[in-house]
Amino acid sequence: MDWLDLIPYIHRSSYLKLPPNFYEVIEPTPITDPYLVKFNHEFASYLCAPHSSLAPEQDIISFYAGNVVPAHLKSIALAYAGHQFGYYVPLLGDGRAVLLGEIHSQDGALWDIQLKGSGKTMFSRTGDGRAPLSAVLREYLISEAMHGLNIPTTRCLAAIASKEKIYRQNGPVPLGVLTRVASSSLRVGSFEYAAAQEDDQLLRSLANYALERHYPELLPSTNPYLELFKKIVDRQAYLIAEWMGVGFIHGVMNTDNMTISGETIDYGPCAFMDEFDFGTVYSSIDLAGRYAFGNQASIAKWNLGQLSLALLPLFKGEKALEQMHEALNSFTERFSQYWNKKIRAKLGLFDENVQPVELIKKFFSMLQQHKPDFTNTFRLMSHAIDCERYQNDLIKALGNQPGSKLWVSDWLHCIKQQEIEINEIKDKMNRVNPAYIPRNHLIENAIREFIEHNDSALMDSLLAVLKNPFHQQKGTEHLQCLPLPHERVYQTFCGT
């Protein structure tokens, strides 16, 4: 078999340069009879030039299963704290993951290579350190979909399964191990943990590491820690706008699940919204709707507030608190800018001379009232620009009321006011309004088909269309439809 063997190119993590307070050196726990479910050849080609591996296939599977750690690596579990549903937990950490090392991709970027579901660590608490295969496949599918949607995200390199069982609420289930690749494993919770040690030198070492690794251009700044915080604020404002632009709901936006790199991380009880509703919640553990679709921006700002408090000991002078407040409060404006730009593009309103504030406000009012399919409604709009049949379909989607017809008329007027060719507008809209998202019922069906029947056909079909989600592909209309009543997914679950 022709493999992309990256193992010789993975080196020890630079995280090991930090004081040992920040990690536990520990090897993954082996699993029995591992076998490969998915390997991301395309991503592996980006990470390292393809070649025929000299290593036997089983040795490579053993590596991605966590059964063997090469002698040149030192695997570690990271320590961090976090606010979970608003309540502070002083020590969380990688309870079911180990960081194997790092790799430089062909473009010079540095990536963490981590195994999830690799066994107990000192941070496991009462957990078994394992991941069900269902959670592994879910993260593989959704993170690849996010990448296809051009949203910053961690990615998956390999998904390994075993006939070995673990126990969850629904009884014994097959376990899996996921190889996750991220530009950063640093979270807001990492800084909360460092600050809680009440040792400014420890905190400074972490902040300096973050600057050197992720934002070296900020090092010459007069106040690099303030600039670091501003950069993280901006990255998160952009990320949340991108999530909401495709109807994504993270589901568990605790501070330990917010990266400083601005990548989406930890695909637990996440989901994509079908019918529009600001109050949409899927996560089975979000009983009060704290992390509902429409709350995500305010929660991101709250999380950043915790980061500002953690970083504050690094600031000196009378204006320190004022500077941090100003930087934190800039989130609202930055998110608004990114969100408005995204929605204008989705509605085809690219001309800055057209100011559709009331038009957009009314549009979301109708979406909230009538709850049409979020993805398909936006995708429909490029067709509706110059086709009466699709205009009628849009009016129906928006409630089929006199106000719906008036809104469509006003929107078309704004479209035609622009000094841009209609075909160019339609093309631009189709580049931001996906034809496909990883709909929850399809994800669940694909996972079930593989686990129960060893059938990967639906999973492969999803991965194929989600690689190019803005391009309409023949014979895939069934992947664009709302679920039937018996297919609906009302809750999504964490894999712990």
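On a predicted model such as this, the values are computed, not experimentally measured, just so you know.

Caption draft 1: Main features of the UniProt feature "binding site: Mg(2+)" (unreviewed entry) in the protein. The UniProt record annotates "binding site: Mg(2+)" (unreviewed entry) at Asn257 and Asp266. Of the annotated residues named above, the ones that line the largest cavity are Asn257. Tracing the backbone shows asparagine 257 in the loop between β11 (248-249) and β12 (271-272). Beyond its immediate chain neighbours, meaning those up to four positions away, asparagine 257 contacts Arg187, His250, Val252, Ile265 and Asp266. A distance of 2.9 Å separates a polar side-chain atom of asparagine 257 from the backbone oxygen of valine 252. Here aspartate 266 is to be found in the loop between β11 and β12. Ignoring sequence-local partners within four residues, the contact set of aspartate 266 consists of Lys116, Arg180, Arg187, His250, Asp256 and Asn257. Polar contacts involving the side chain of aspartate 266 include one to the side chain of arginine 187, which spans 2.9 Å.

Caption draft 2: A look at the UniProt feature "binding site: ATP" (unreviewed entry) in the protein. Annotation from UniProt places "binding site: ATP" (unreviewed entry) at Gly93, Gly95, Arg96, Lys116, Asp128, Gly129, Arg180, Arg187 and Asp266. An extended arrangement is adopted by the annotated residues: their sequence extent is 174 residues, and the largest C-alpha distance between any two is 22.8 Å. In this structure, the second largest cavity is lined, among the annotated residues mentioned, by Arg180. Position of glycine 129 among the secondary structure elements: in the loop between β7 (110-116) and β8 (131-132). Assessed through its relative accessible area of 5%, glycine 129 is described here as buried. Dropping the residues within four chain positions of it, glycine 129 is found in contact with Gly95, Arg96, Gly117, Ser118, Gly119, Lys120 and Ser124. With respect to the helices and strands, arginine 187 occurs in the loop between β10 (171-182) and α4 (188-196). The exposure class of arginine 187 is buried, given its relative accessible area of 2%. Not counting the four nearest positions on each side in its chain, arginine 187 is found in contact with Tyr80, Asp94, Arg180, Thr255, Asp256, Asn257, Met258, Thr259, Ile260, Ile265 and Asp266.

Caption draft 3: Representation of the domain arrangement of the protein within the structure. Examined at the domain level, the protein breaks down into domain 1 (7-185) and domain 2 (189-344). Look at where the C-alpha atoms of domain 1 and domain 2 centre, and you get two points 23 Å apart. With 39 residues of domain 1 in contact, the opposing surface of domain 2 contributes 40 residues. Here domain 1 and domain 2 share an interface that buries about 3,300 Å² over both sides, 60% of which is from carbon and sulfur atoms. On the domain 1 side of the interface with domain 2, the three residues burying the most area are Phe22, His83 and Phe85, jointly 21% of the side's total. Put simply, domain 1 and domain 2 have four salt bridges between them. Counting across the domain 1 and domain 2 interface gives 19 residue pairs in polar contact (both at pLDDT 80 or more). Looking at the side of domain 1 that touches domain 2, the elements that each hand over two or more residues are β4 (82-84), β7, α3 (133-148) and β10. Ranked by residue count, the leading element in the side of domain 1 that touches domain 2 is α3, at five residues. Tallied by class, the residues present in the side of domain 1 that touches domain 2 amount to 20 nonpolar, 13 polar and six charged.

Caption draft 4: Examining the side chain of asparagine 303 more closely. Within the secondary structure, asparagine 303 is located in helix α7 (residues 296-311). Given the relative accessible area of 1%, asparagine 303 is considered buried. Polar side-chain contacts of asparagine 303 include one of 2.9 Å to the backbone oxygen of methionine 253.

Caption draft 5: Empty space enclosed by the protein, seen in detail. Counted by the stated rule, this structure contains three cavities of 30 Å³ or more. Estimates place the volume of the largest cavity at around 80 Å³. For the largest cavity, the lining is made up of 13 residues, of which Gln236, Leu239, Trp243, Asn257 and Met258 are closest to its centre. Per element, the largest residue contribution to the lining of the largest cavity is three residues, and it comes from helix α6 (residues 224-245). Across the lining of the largest cavity, the residue classes tally to five nonpolar, seven polar and one charged.

Caption draft 6: Region of interest: the nonpolar core. Membership of the largest hydrophobic core comes to 160 residues, with the highest contact counts inside it found for Tyr15, Phe191, Leu347, Trp407 and Trp411. Per-element accounting of this core gives the leading share, 12 residues, to α6. The two domains that each donate at least three residues to this core are domain 1 (7-185) and domain 2 (189-344). Beyond its immediate sequence surroundings of up to four residues, tyrosine 15 is in contact with Phe22, Tyr23, Ile76, Leu78, Leu99, Glu102, Leu186, Ser190, Leu206 and Tyr209.

What counts as what
The residue numbers shown here count from 1 along each chain, following its written sequence. Where local features are concerned, this predicted model is filtered to residues with pLDDT of at least 70; where side-chain atom pairs are given and counted, the filter is 80 or more; whole-chain, interface and lining totals use all residues. Each side-chain value is worked out from all heavy atoms of the structure, with water and hydrogens disregarded. UniProt positions are given in the numbering used here, feature names are shortened, and annotations may be inferred rather than shown by experiment. In this analysis a 1.4 Å probe is tested at points of a 1 Å grid over the protein atoms alone, and where it fits but cannot get out there is a cavity; an open set with protein on both sides within 12 Å along at least five of seven lines is a pocket; lining residues have an atom within 4 Å of a point. Strands are runs of DSSP state E lasting at least two residues, helices are runs of H or I lasting at least four, and both sets are numbered from the N terminus onward. Should any heavy atoms of two residues lie within 4.5 Å, those residues are considered in contact. In protein, a polar contact requires one atom able to donate a hydrogen and another able to accept it; more generally it is a pair of N or O atoms within 3.5 Å, and residues adjacent in sequence count only if both atoms are side-chain atoms. Any residue under 20% of the maximum accessible area for its type is buried, any over 50% is exposed, and the rest in between are partly exposed; the area is computed with a 1.4 Å probe on protein chains only. Segmentation into domains, and thus their bounds, comes from an automatic or database assignment. We define buried area as the total accessible area lost by two parts upon association, computed with a 1.4 Å probe and summed across both. Only one rule defines a salt bridge in this text: a Lys or Arg side-chain nitrogen within 4 Å of an Asp or Glu carboxyl oxygen. Under the convention adopted here, Pro, Cys and the residues Ala, Val, Leu, Ile, Met, Phe, Trp and Tyr are nonpolar, Asp, Glu, Lys and Arg are charged, and Gly plus all remaining residues are polar. Grid points are joined across faces, edges and corners, and a volume is the space filled by probe spheres set on the points. Buried residues of nine kinds, namely Ala, Val, Leu, Ile, Met, Phe, Trp, Tyr and Cys, make up a nonpolar core once their side-chain atoms join them within 4.5 Å.

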